[in-house]
Amino acid sequence: MNNFNFLNTDEEVRGVVVHLISGEFYTGSCIKTSNPNVIIVETKDSKIEIPLWTIKRVKLI
């Protein structure tokens, strides 16, 4: 179970910093996918599919 409240909406969430357990950071918009265990982070350069278990922290900006 995750506690990412921003995922409770069907809309795209803009202004998010996602910090992964590997130490990587991604800043952009979060988009839900049809897979409930994966989100897409759209940065200005690319779209990255991220499994929820790899997320350490999320900050809304």
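Residues numbered from 1 in each chain as written. Predicted model: local features only at pLDDT ≥ 70, side-chain atom pairs only at ≥ 80, totals over all residues. Heavy atoms only, no water.

## Comments concerning the overall build of the chain
Then, in step 1: Of regular secondary structure, the chain possesses zero helices and five strands.
Then, in step 2: Ordered by position from the N terminus, the helices and strands of the chain form the series β-β-β-β-β.
Then, in step 3: When each of the 61 residues of the chain is scored for burial, the buried share is 38%.
Then, in step 4: Within the chain, residue pairs in contact and separated by at least 24 positions form 39% of the contacts whose partners lie at least 6 positions apart. (Helix = DSSP H or I, 4+ residues; strand = E, 2+ residues; numbered from the N terminus. Buried < 20%, exposed > 50% of the residue type's maximum accessible area, 1.4 Å probe, protein only. Contact = heavy atoms within 4.5 Å.)

## Here's the deal with the environment of isoleucine 39
Then, in step 1: Among the secondary structure elements, isoleucine 39 is positioned in strand β3 (residues 38-42).
Then, in step 2: Note: C-alpha distance between isoleucine 39 and glutamate 49 (ten residues apart in sequence) is 5.8 Å.

## Re the nonpolar core
Then, in step 1: One finds Val13, Val16, Val18, Leu20, Tyr26, Cys30, Ile39, Val41, Ile48, Ile50, Leu52 and Ile55 forming the largest nonpolar core, which totals twelve residues.
Then, in step 2: Going through the elements one at a time, β1 (13-20), β2 (25-32), β3 and β4 (47-51) are the ones with two or more residues in this core.
Then, in step 3: Among the elements that line this core, the one with the most residues is β1, at four residues. (Core = buried A, V, L, I, M, F, W, Y, C linked by side-chain atoms within 4.5 Å.)

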